[in-house]
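# Examination of the molecular architecture
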Amino acid sequence: MAADDSLLPIAILIDELKSDEPLRRLNSISRLGLIAQALGEERTRAELIPFLSENVDDEDEVLLAQAEQLGNFVPYVGGPQYAYLLLPLLETLSTVEETVVRDKAVESLSKVGSTMPDSHACEHFVPILKRLGSGEWFTSRVSACGLFATAYPRCTPMLKAELRQLYANLCRDETPMVRRAAAQKLGGFAKVVERDYCSRELMPLFTDLTQDDQDSVRLLAVESCGAFALALGQADATSNLLAIVHKFAQDKSWRVRYNVAQQLVQLCEALGTEVTRMELTPNFVRLLRDGEAEVRVAAAGKVSAFSKLLTVQQIVTSIIPCVRELSMDSSQYVRAALAGVVMEMAPVLGKQLTIEHLVPIFLTLLKDVYPEVRLNVISKLDQVNQVIGIDLLAQSLLPAIEELAEDKHWRVRLAIVEHIPLLASQLGPDFFQEKLGPQCMKSLEDQVASIREAATRTLQKVAAEFGPDWAREHLVPNVLALIKNPHYLYRMTVLVAISMLATIVSQDVLCNLMLPVLTTAAKDKVPNVKFNVAKIMEKLAGLVSRSVMESAIKPVLLELCEDQDMDVRFYARQALYACDHAASA
């Protein structure tokens, strides 16, 4: 009987596979693995797979879930030797009209095909690929393009020749969608094709695709450049691809140029530094000065990665002038992309050139009118520090940082607060106390809750950095003084700060300075403050001696247990229980 009860949920799932309601079918399909486990390998092969094959005329969401599940189904049908049973169903799913279903089916087909023995791949997988590749509807031919990289390495030489010919047909297909898919997958196919055939047969196909009338085909061909360069080897790639890249960088479609900007660094790494420095740098400079803002955004985001492939002299003469122009670009998105990466150039340039060329750009971006730009700059403070040193950083950037700490956009203020521990650890306690400490205290009373929370975490990190004695003298008194704030939200922030600092300060500070403040706060007129006191008392009980707990913590909690507010009573009782439990342990 117990066994029957345990199988009941599975029986419900199996029934739901036949439900008229799409949501129920989707729920059941999402748990196909569970159903297959319950049925066992033999029944899954004999019953479940045929049932699913008969019911492929379904909602797209159901078919998508089915395609995804089948990719992980090899163990449920009995392992790789039975994997071929999944192929017909996935073949059907890879021809449906909905793109996301087809893509997922192709992904699962590749996953299943890669587990099959080579003999099964030739016998079962390749015929499916051929049928899809020569299908009447373009959907099947599009799907076929994604399967060549899986099938090709497992084939005999004769079959390999057939597959290369079939791919050539797809690259010349009359339907742009098929040529687009062929262009997109050509790089992956080139990786598994022998270098000789890659150069002799695939390279002409790639050249044709780069000259296609449809810009959507050309821009996807760009994505294959890096993979092609690796497949051809450096010498062949240089002779075959350089002219194509030069042409792409000046393509009439901005989308193609955008893709070139995105892919250029990967291509440069494949072609080597010498070719990059001699041949590709002018292309990159052209992209940095492109007439379309979207292209400049893509190129600006690659400035640092590209610069690492150049000599310092080339960076100064070719890249820095462009970077200076981009820092004042009319598009905020260009400036934001640049701000996120420009200081990563500092390690390449070294200290002196960074101070001379990058710091002025950095300061310009720090004063940008758009918060996103300022935010991206602040997030790279640590990289500047590593190169120019903290003294120079303090001199050049601190005035800007102090200004940003008062920024009207809360995310900028938050970023500054989160970077204070980094600055504090480098600048030392005296500098923190004089310049950054007052800002930290001010952040505890910020109008935005996230900033107040970040300020408490910052104080905890700073206290841990400078030690409990320093915290007692310079941090704790300033924090405790804020408990008198008339607004209850700020008083609650002080309580959070106390709980954060309690793990760092000495017992003396905890018992003689913090506990009296908490005892006073327990009499606050706002219930939220009082139940937060109870929560903190529960935490502190594990940090103090038993005598302090009995004399200072328990009486407060007992009083809160009698409070009029039910939430205060709940948290007080919970804390009291924890104290009693800790005492008995």
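The structure presented is a predicted model; accordingly, all values stated were derived computationally and were not measured.

Here we come to the packing of aromatic side chains. Counted by the stated rule, this structure contains 10 aromatic pairs. The structure contains a cluster of three or more aromatic residues connected by ring pairs, namely Phe148, Tyr152, Tyr167 and Phe189. One Lys or Arg, arginine 45, reaches over the ring of tyrosine 82 and ends 3.9 Å from the middle of that ring.

The grouping of Glu59, Asp60, Glu61, Glu97 and Glu98 at the surface amounts to a negative patch. As for its placement among the helices and strands, glutamate 98 is situated in the loop between α7 (87-93) and α8 (99-115).

This part takes up the environment of serine 114. Relative to the helices and strands, serine 114 is located in helix α8. Residue classification places serine 114 among the partly exposed residues on the basis of a relative accessible area of 46%. Filtering out sequence-adjacent residues up to four positions away, serine 114 remains in contact with Thr150 and Arg154.

The next thing to look at is the nonpolar core. If you look at the biggest cluster of nonpolar residues, it comprises 205 residues, and the most contacted ones within it are Phe228, Leu241, Ile319 and Phe432. In this structure phenylalanine 228 touches Leu186, Ala190, Cys198, Leu202, Met203, Phe206 and Leu241, once residues within four positions along its chain are discounted.

Turning our eyes to something else, we now look at the packing of helix α29 (residues 410-427) against helix α30 (residues 429-443). Relative orientation and spacing of two packed helices are given, respectively, by the angle between their axes and the distance between those axes. The interhelical angle for the contact between α29 and α30, taken along N-to-C directions, is 165°, at an axis separation of 10 Å. The orientation of α29 relative to α30 falls into the category roughly antiparallel. As α29 packs across α30, the resulting crossing turns out to be left-handed. For the pair formed by α29 and α30, the contact residues are Val417, Ile420, Leu423, Ala424 and Leu427 on the first element and Phe431, Phe432, Leu436, Gln439, Cys440 and Ser443 on the second. Its residues assigned to classes, the contact of α29 with α30 comprises 9 nonpolar, 2 polar and no charged.

A full pass over the atoms with the stated rule returns 0 disulfides. You can see cysteine 122 has no disulfide; the closest cysteine sulfur is in cysteine 155, sitting 4.8 Å from it. Taking the relative accessible area as the measure of exposure, cysteine 122 reaches 21% and is therefore partly exposed.

Basis of the calculations
- Residues numbered from 1 in each chain as written.
- Predicted model: local features only at pLDDT ≥ 70, side-chain atom pairs only at ≥ 80, totals over all residues.
- Heavy atoms only, no water.
- Phe/Tyr/Trp six-rings, centres within 6.5 Å; stacked < 30°, edge-to-face > 60°.
- Lys NZ or Arg CZ within 6 Å of the ring centre and 35° of its normal.
- Patch = residues over 30% accessible without salt bridge, like charges linked within 9 Å, V, L, I, M, F, W, Y side chains within 5 Å.
- Areas by Shrake-Rupley, 256 points an atom, 1.4 Å probe, with all protein chains shown as cover.
- Salt bridge = Lys/Arg side-chain N within 4 Å of Asp/Glu carboxyl O.
- Lys, Arg positive; Asp, Glu negative; His and termini not counted.
- Charge placed at Lys NZ, Arg CZ, Asp CG, Glu CD.
- Helix = DSSP H or I, 4+ residues; strand = E, 2+ residues; numbered from the N terminus.
- Buried < 20%, exposed > 50% of the residue type's maximum accessible area, 1.4 Å probe, protein only.
- Contact = heavy atoms within 4.5 Å.
- Core = buried A, V, L, I, M, F, W, Y, C linked by side-chain atoms within 4.5 Å.
- Axes fitted to C-alpha atoms, helices over the stretch in contact; angles between N-to-C directions.
- Parallel < 35°, antiparallel > 145°, perpendicular 65-115°, else oblique.
- Left-handed = near helix turned anticlockwise from the far one by under 90°.
- Nonpolar A, V, L, I, M, F, W, Y, C, P; charged D, E, K, R; others polar.
- Disulfide = S-S within 2.5 Å.

Functional significance is not addressed by these values, which are geometric in nature.
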